[in-house]
Each structure stands twice: as structure tokens, then as C-alpha cells.
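What the coordinates show
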Amino acid sequence: MFKAEKFIEETINNLKKEISGKSLIAFSGGVDSSVCASLVNKAIGNNLVAVHVDTGYMRKNESSDVKKLMERMGLNSRFVDASKEFYSALKGVDDPERKRKIIGEKFIRVFEKVAKKEKIQYLVQGTIAPDWIESGGELRDTIKSHHNVGGLPKDINLKLVEPLRDLYKDEVRNIARELKLEVSERQPFPGPGLAVRILGKANPERVEIVREACFIIEDEIDKSVKKGKMEQPWQYFAVLLPVKSVGVHGDRRAYGDVIAVRSVESIDAMTCNYSGIPHEILDRISTRITNTLKEKVNRVVYDITNKPPGTVEWE
Ligand code: XMP
């Protein structure tokens, strides 16, 4: 049985020995980075600088919410809007692994700039076990290069600190509960963000479409959970597909994008089952997406694939 209390105590003691200087944490506002920030903050206080990067691939209102969260957590925080840089780095790129590598490298370059300015030597990341297991290496096949592992450039000049490296998501959540973090039950969101939920080119116009669709899916499911119409899924979001299909608006022909609804149940992210969302809720999601994104999306499908053989994200 994993003992969160013991892990917290041991980790804080180890971090005090491991870190001898200023550190920067890549702070996304998710469970992993929040747990990590809280532990390192307890070990070295204001010598930890929490940096949130708006990559342009965040969900609706996410970066401004994360800013407020950093304040509530009492972190010594910085905010970098790098959306233009990320958009231009991904211009014309549609291969999923290239996207992930470019994003991983861009993150590090942004962190290096802050580190140089503030004389920081350590980079803290909330990497967990599935991130490096799926990123592959000498003995394992690369399933996908998680941005914080397989996407790391080789010439990085910061010392890496990854206190959650051996843990799985459910264990990290237990620690978050023990630390009484407000984000303990938050659904996971991948570091590369909406860029891996847009199959094909992740340009700003397509980001707007998937961002709105993700918002609608989260909103409809959250409301249904509150009303007791379904259980809270483990993770739920939209994927924008790289194909168009024919439809009809009134009496006019439409040729528009396709959104896939993805909702899964998992414990540790290594395997998952698709969620059984009631049809009435799927109906509402479909109608709201096609009404809100009228001239853009004219078809909504539901992904009924488990992992394996699928993965949670489509890229
Ligand atoms: P997959 O798609 O690999 O996802 O089945 C498993 C879990 O990991 C999240 N995910 C990521 N998280 N960096 C992250 O921090 C990444 O590059 C990344 N890729 C996938 C995914 O959302 C799911 O919860």
C-alpha cells in the first residue's frame, strides 16, 4: 500500500539535500506539477520559482486560472506568454512525434531564458512513471514522446529534479489529497495541450475550434455530474479530426470539420476504458457543438476505443 504521508516526509528531506540553489518549476496547474511545487516549496521556500507558460494551446481561461492558483498556493510565480513562439514553431507540422519534440524543446528554451535572467540552476518537473515508460528508450518502444521526457533537448543546461518519477497518477492524487491541494481531483491535461488534440496542423484557427469543443464537453459533463445523471469520468475532452465531411445546414450544403468526443475511465493512465456516457448527454454535447461552431463543425462522433489498443489522447 502506497503511504502518501511517508512519501511526503521523505521527499521533502531528500529535496533539501538534493537542491542547493535556486530552482524553477514548470507549473501547468495540473495535479502533478501542483504536488511537485508544493513539496519543493516546503523544502526550499522562495528559492523555488514557479513558471507557467501560456503555449497558446491551453484550454479556455486556463492560463488566467493557473495564475490565480499560483497566488493562492503562495508560490513565487512568473508567467510567460509564449503563444506566438509556439504557433510559429509548429507552423506546417502535422506529424505527432515532431509536434511533441518541438513543444518539449520550446518549453525548455523558455525555461532557460528565465533561468539565465534569475540565476537558476535546477529545473523541477512533475514527471510521473507513465511519462517515461511511454516515451521509450533503450529497452522500450516509444509509444509517444511525453513533452517532459522524450521531448527534452539533449543540450539542456539545467539540472533536472523529478521527485514524482516513480509514481503513478493515483498515487500522486493521494499525495495531493494529503497536502489538501484544491486541484487533487482535477482531470489530467497533457503538457503539449490542445496541440495533440488537433490531428494535423495545429494552427490558431483550429485551436479555437477544439478549445470551444473541449469547453462544451467539460461543461455539459460537469453539469450532468452535478445533477447526478452520471459519474465523473477520469478524463473527457474533444479531438479535432483532420478530415472534413458533407452535411446540411437548413437547405444548404455544408462541408465541415469532425469533432470526436473522448471520455475514459482509468486508474493509472497505463490502460483505460471508454466511458459509458448516457445518450441524452451525448445528444446535448453534439447539438451544442454543432450549433456553437455552426459554420465549422457539422459532425460529432464518440470514440469507443479502450487503451490498448488506443491511447487516451489521439496523438
Ligand atoms: P496516453 O495518450 O499516452 O495518455 O494514453 C495517458 C495520460 O497522459 C496524458 N499525456 C501527457 N501528459 N505530457 C503530459 O504531461 C504529455 O506529453 C502527455 N501525453 C499524454 C494524457 O492526457 C493521459 O492522461
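Residues numbered from 1 in each chain as written. Predicted model: local features only at pLDDT ≥ 70, side-chain atom pairs only at ≥ 80, totals over all residues. Heavy atoms only, no water.

1. With respect to the overall build of the chain
The secondary structure content of the chain amounts to 9 helices and 9 strands. Relative to the 2.2 N^0.38 estimate, which gives 20 Å for 315 residues, the radius of gyration of the chain is 20 Å and therefore close to what a compact globule would have. Along the first, second and third principal axes, the C-alpha set of the chain runs to 70 × 40 × 40 Å. With 315 residues in all, the chain has 54% of them scored as buried. Summarising the internal contacts of the chain: among those between residues at least 6 apart in sequence, 74% fall at separations of at least 24. For the chain, the exposed surface amounts to about 15200 Å²; the carbon and sulfur share of it is 50%. Positive and negative side-chain charges of the chain, numbering 52 and 47 respectively, have mean locations separated by a distance of 4 Å. (Helix = DSSP H or I, 4+ residues; strand = E, 2+ residues; numbered from the N terminus. Rg over C-alpha atoms; globule rule 2.2 N^0.38 Å. Buried < 20%, exposed > 50% of the residue type's maximum accessible area, 1.4 Å probe, protein only. Contact = heavy atoms within 4.5 Å. Areas by Shrake-Rupley, 256 points an atom, 1.4 Å probe, with all protein chains shown as cover. Lys, Arg positive; Asp, Glu negative; His and termini not counted. Charge placed at Lys NZ, Arg CZ, Asp CG, Glu CD.)

2. Some words on the packing of helix α2 (residues 31-44) against helix α7 (residues 169-178)
Direction vectors running N to C along α2 and α7 enclose 50°, while the axes themselves pass 10 Å from each other. One finds that α2 runs oblique with respect to α7. When the axes of α2 and α7 are compared, the crossing they make is left-handed. Residues Val31, Asp32 and Val35 of α2 touch α7, and the partners they reach there are Lys169, Val172, Arg173, Ile175 and Ala176. Looking at the contact of α2 with α7 residue by residue, the class counts come to 5 nonpolar, no polar and 3 charged. (Axes fitted to C-alpha atoms, helices over the stretch in contact; angles between N-to-C directions. Parallel < 35°, antiparallel > 145°, perpendicular 65-115°, else oblique. Left-handed = near helix turned anticlockwise from the far one by under 90°. Nonpolar A, V, L, I, M, F, W, Y, C, P; charged D, E, K, R; others polar.)

3. Remarks on the site of the ligand
The environment of the ligand is formed by 16 residues, the closest being Glu134, Lys144, Gln235, Lys307 and Glu313. The contact in question runs from an oxygen atom of the ligand to an N or O atom on the side chain of lysine 307, over 2.6 Å. One of the side-chain nitrogen or oxygen atoms of glutamate 313 is found 2.5 Å away from an oxygen atom of the ligand. Relative to its unbound accessible area of 490 Å², the ligand is 93% covered by the protein chains. The cavity where the ligand resides is the largest cavity. Grouping the amino acids of the shell around the ligand by side-chain chemistry returns 6 nonpolar, 5 polar and 5 charged. Of the domains in this structure, domain 1 (4-178) and domain 2 (198-302) are the two that each give at least three residues to the shell around the ligand. (Near = heavy atom within 4 Å. Polar contact = N/O pair within 3.5 Å; in protein donor to acceptor, adjacent residues only side chain to side chain. 1 Å grid on protein atoms, 1.4 Å probe; cavity = no way out; pocket = protein on both sides within 12 Å on 5 of 7 lines; lining within 4 Å. Sits in = over half its atoms within 2 Å of the grid points. Domains from an automatic or database assignment.)

4. Concerning the layout of surface pockets
Each pocket or cavity is described by its volume, and for the largest pocket that value is around 670 Å³. Taken together, 31 residues make up the lining of the largest pocket; nearest its centre are Arg59, Arg186, Gln187, Glu218 and Asp222. Along the lines of polarity and charge, the residues of the lining of the largest pocket split into 9 nonpolar, 6 polar and 16 charged. Two domains share the lining of the largest pocket, each providing at least three of its residues, namely domain 1 (4-178) and domain 2 (198-302). (Points joined across faces, edges and corners; volume = space filled by probe spheres on them.)

5. Quick look at the domain arrangement of the chain
In terms of domains, the chain is made up of domain 1 (4-178) and domain 2 (198-302). Here the C-alpha centroids of domain 1 and domain 2 sit 28 Å apart. Across the contact, 17 residues belong to domain 1 and 16 residues belong to domain 2. For the pair domain 1 and domain 2, the summed buried area comes to about 1400 Å², and 58% of that belongs to carbon and sulfur atoms. Across the domain 1-domain 2 interface, the total number found is 3 salt bridges. For arginine 59, the salt bridge is made with glutamate 218, and the minimal N-O distance between the two is 2.9 Å. Here domain 1 and domain 2 share 8 residue pairs in polar contact (both at pLDDT 80 or more) between them. Every element with two or more residues in the side of domain 1 that touches domain 2 is listed here: α6 (129-135) and α7. Across the side of domain 1 that touches domain 2, the residue classes tally to 7 nonpolar, 2 polar and 8 charged. (Buried area = accessible area lost by both parts, 1.4 Å probe. Salt bridge = Lys/Arg side-chain N within 4 Å of Asp/Glu carboxyl O.)

6. Looking at the nonpolar core
Counting 58 residues, the largest nonpolar core has Phe111 and Ile289 as the members making the most contacts within it. Elements that contribute at least two residues to this core include exactly β1 (23-26), β2 (48-54), α5 (96-117), α8 (204-226), β6 (235-249), β7 (252-265) and α9 (279-292). Mapping this core onto the domain boundaries places at least three of its residues in each of domain 1 (4-178) and domain 2 (198-302). Residues in contact with phenylalanine 111, not counting those within four places in the same chain, are Leu24, Ala26, Val51, Val53 and Leu123. If you look at the next biggest cluster of nonpolar residues, it comprises 34 residues, including Leu39, Ala43, Leu164 and Val183. (Core = buried A, V, L, I, M, F, W, Y, C linked by side-chain atoms within 4.5 Å.)

7. Concerning empty space enclosed by the protein
Empty space among the atoms becomes visible once a probe the size of a water molecule is rolled across them. Tallying each qualifying case throughout the model produces 1 cavity of 30 Å³ or more. In this structure, the largest cavity occupies an estimated 870 Å³ of space. Contributions of two or more residues to the lining of the largest cavity are made by α2, β2, α5 and α6. Per-element tally for the lining of the largest cavity: the top contributor is α5, with 5 residues. Within the lining of the largest cavity, the residues separate by chemical class into 19 nonpolar, 16 polar and 11 charged. Two domains share the lining of the largest cavity, each providing at least three of its residues, namely domain 1 (4-178) and domain 2 (198-302).

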